Amino acid sequence: MDKETTAGVLFGIGAYGLWGLLPLYFFVLHPAGAVEIVANRVVWSLLFCALLITVTRAWRVLGAAFRDRSVLGTLAIAAGLIAVNWLTYTYGVTTGQAVEASLGYFINPLVSVLLGVFVLKETLRPLQWAAVGIGFIAVGVLTVSYGKLPWIALTLAISFGLYGFVKKRVGPRVDAITSLSMETIVLTPLAAATMIFLGVSGGASLASNGAGHFWLLAASGIITAVPLLFFGASARRLPMTTIGLLQYFAPVLQFIVALAVFRETMTLDRWIGFGVVWLALLLLTVDMLATARKNSVARKLSLREARTNT
């Protein structure tokens, strides 16, 4: 691989690796609950983004983005979706349901395929149809296993799938730092009000569990922004096929942490359900690689024809 590709892979592993190890961070934040963690995450992320924008001298870019109503409206929707995603994920991890939370990100590629069908009116290839069908079977198996619909996993998959779809509507008009800043600005009033309410009602742990706990919560701004910056650096250097393969790195790590560190139980029927999900993902991966190879060959043939004609 050339240096740019190598750097892209390393940045991608860094991004998905940090996201995969995020449950460990939530674990050390005890006794903070999901609502307090997410509220702090938003407020401290805004402060960190303000520092980044100052260093990169991008205040004019941020101001221009806010004046564009289509960008502001789209990112406001994205902010709402990521808030739902963060709150659901944090709740799942802090209540001993990290395995189901990891399932949400395994299912996410299937949700993205369904969005392509129902929203973008895309036509699915046979392997994609097979993967979606197997995914529905997996949800049925896991529903029987859990005794209820795996709502944490489904909420995470749907919210993050929609978040990715909405962010694509903005496209290259907004860079990663500006986008994250706008989303956190939209969420900050509610997050700050939540922090004040928790403090007044005695439900906050930010200032009542020592300096170490305070700085761990304050670090949520860096922990939120750094993997996003890594992801942006990776996406600029790698084709979508490679990014699509790297995305499985995060839920695999989350799953391992849930079993090895948190000691969550996995019954036989849950293993079967997860196995069916992984089979669906295998089919999606095979289809993605085959399509990428076919497109690569087509581009090479096109280039040869162009050279021959000239």
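Since we're looking at a predicted model, the values are computed, not measured.

A.B. asks: Help me out: how do you make sense of the packing of helix α6 (residues 98-118) against helix α14 (residues 268-309) in this one?
C.D. replies: Between two packed helices, the angle of one axis relative to the other and the distance separating the axes together describe the packing. Packing of α6 against α14 leaves a shortest axis separation of 10 Å and a crossing angle of 35 degrees. When the axes of α6 and α14 are compared, the crossing they make is left-handed. Side by side, α6 and α14 meet where Val99, Ser102, Leu103, Phe106, Pro109, Leu110 and Val113 of the first sit next to Phe274, Val277, Trp278, Ala280, Leu281 and Leu284 of the second.

A.B. asks: How should helix α8 (residues 151-170) be read in this particular structure?
C.D. replies: Turn by turn, an α-helix covers 3.6 residues, leaving residues three or four places apart pointing in a common direction. The terminal C-alpha atoms of α8, which comprises 20 residues, lie 29 Å apart, in line with the 28 Å expected from a rise of 1.5 Å per residue. Among all positions in α8, only Ile152, Ala153, Leu154, Leu156, Ala157, Ser159, Gly161, Tyr163, Phe165, Val166 and Val170 are buried. Those residues of α8 that are buried lie in contact with α5 (69-94), α6, α7 (126-146) and α9 (176-201). Two residues or fewer past α8, glycine 171 is found with a positive phi of approximately 65 degrees.

A.B. asks: So what exactly am I meant to see when it comes to a positive patch on the surface here?
C.D. replies: Taken together, the side chains of Arg293, Arg299, Lys300, Arg304 and Arg307 define a basic patch exposed on the protein surface. Along the chain, the position of lysine 300 falls in helix α14.

A.B. asks: How should I be thinking about a nonpolar patch on the surface in this particular structure?
C.D. replies: A cluster of nonpolar side chains, contributed by Leu127, Leu279, Leu282 and Val286, occupies part of the molecular surface with about 320 Å² of accessible area. Broken down by element, the nonpolar patch gets its largest block of residues, three residues, from α14. Structurally, leucine 127 is set in helix α7.

A.B. asks: Any chance you could explain the nonpolar core here in plain terms?
C.D. replies: In summary, soluble globular proteins display a tendency toward joint burial of nonpolar side chains. Ranked by internal contacts, the top residues of the largest apolar core, which has 78 residues, are Phe26, Tyr89, Ile107 and Phe274. Sorting elements by how many residues they give to this core places α6 first, with 12 residues. The residues touching phenylalanine 274, leaving out its near neighbours within four places in the chain, are Val99, Ser102, Leu103, Phe106, Leu142, Tyr146, Phe255 and Met266. In this structure, Tyr16, Trp19, Ile243 and Ala250 belong to the second largest nonpolar core, which totals eight residues.

A.B. asks: What is the right way to look at the packing of aromatic side chains in this model?
C.D. replies: Given two aromatic rings, their pairing is described by the distance between the two centres and the angle made by the two planes. The final tally for this structure, using the stated rule, is 20 aromatic pairs. Every member of this aromatic cluster is reached through a ring pair, and the members are Tyr25, Phe26, Tyr89, Tyr105, Phe160 and Tyr163.

A.B. asks: For this particular structure, what's the right way to read α7?
C.D. replies: An ideal rise of 1.5 Å per residue puts 30 Å on 21 residues; α7 measures up with 30 Å between its terminal C-alpha atoms. All buried positions along α7 are accounted for by Gln128, Ala131, Val132, Ile134, Gly135, Ala138, Val139, Leu142, Ser145 and Tyr146. For α7, the arc enclosing every buried residue in end-on projection is 165 degrees, short of the 170-degree limit, so these residues lie on one face. In α7, the exposed positions angled more than 90 degrees off the buried face are occupied by Pro126, Phe136, Ile137 and Val144. Its buried side turned inward, α7 meets α6, α8 and α14. Count one or two residues on from α7 and you reach glycine 147, which has phi positive near 80 degrees.

A.B. asks: Help me understand the side chain of threonine 178 in this model?
C.D. replies: As for its placement among the helices and strands, threonine 178 is situated in helix α9. Not counting residues up to four positions away in its chain, the partners in contact with threonine 178 are Val61, Leu62 and Ala65.

A.B. asks: Even after reading the chapter, I still don't get the pattern of salt bridges, so can you show me in this structure?
C.D. replies: Pairing between side chains of opposite charge can happen when the charged atoms of each approach one another. This structure, assessed with the given rule, holds four salt bridges. Glutamate 100 is paired through a salt bridge with lysine 148; the nearest N and O atoms lie 3.8 Å apart. One end of the pair, glutamate 100, is in helix α6; the other, lysine 148, is in the loop between α7 and α8, and 48 residues separate them in sequence.

A.B. asks: For this particular structure, what's the right way to read the environment of alanine 192?
C.D. replies: Structurally, alanine 192 is set in helix α9. We classify alanine 192 as partly exposed; its relative accessible area is 29%. Residues alanine 192 and isoleucine 77 lie 115 residues apart in sequence; the distance between their C-alpha atoms is 19 Å.

A.B. asks: What is the right way to read the packing of α6 against α7 from this model?
C.D. replies: Running from amino to carboxyl end, α6 crosses α7 at an angle of 150 degrees, the nearest separation of the two axes being 10 Å. Classified by the angle their axes make, α6 and α7 are roughly antiparallel. In this structure, the crossing between α6 and α7 has a hand that is left-handed. Between α6 and α7, the contacting residues are Val99, Glu100, Leu103, Ile107, Leu110, Val113 and Leu114 on the first element and Ala131, Val132, Gly135, Phe136, Val139, Leu142 and Tyr146 on the second.

Basis of the calculations
- Residues numbered from 1 in each chain as written.
- Predicted model: local features only at pLDDT ≥ 70, side-chain atom pairs only at ≥ 80, totals over all residues.
- Heavy atoms only, no water.
- Axes fitted to C-alpha atoms, helices over the stretch in contact; angles between N-to-C directions.
- Helix = DSSP H or I, 4+ residues; strand = E, 2+ residues; numbered from the N terminus.
- Left-handed = near helix turned anticlockwise from the far one by under 90°.
- Contact = heavy atoms within 4.5 Å.
- Expected span 1.5 Å × (residues − 1).
- Buried < 20%, exposed > 50% of the residue type's maximum accessible area, 1.4 Å probe, protein only.
- Patch = residues over 30% accessible without salt bridge, like charges linked within 9 Å, V, L, I, M, F, W, Y side chains within 5 Å.
- Areas by Shrake-Rupley, 256 points an atom, 1.4 Å probe, with all protein chains shown as cover.
- Salt bridge = Lys/Arg side-chain N within 4 Å of Asp/Glu carboxyl O.
- Lys, Arg positive; Asp, Glu negative; His and termini not counted.
- Charge placed at Lys NZ, Arg CZ, Asp CG, Glu CD.
- Core = buried A, V, L, I, M, F, W, Y, C linked by side-chain atoms within 4.5 Å.
- Phe/Tyr/Trp six-rings, centres within 6.5 Å; stacked < 30°, edge-to-face > 60°.
- Arc of directions from axis to C-beta.
- Parallel < 35°, antiparallel > 145°, perpendicular 65-115°, else oblique.

Function cannot be read off these values alone, since they describe shape.
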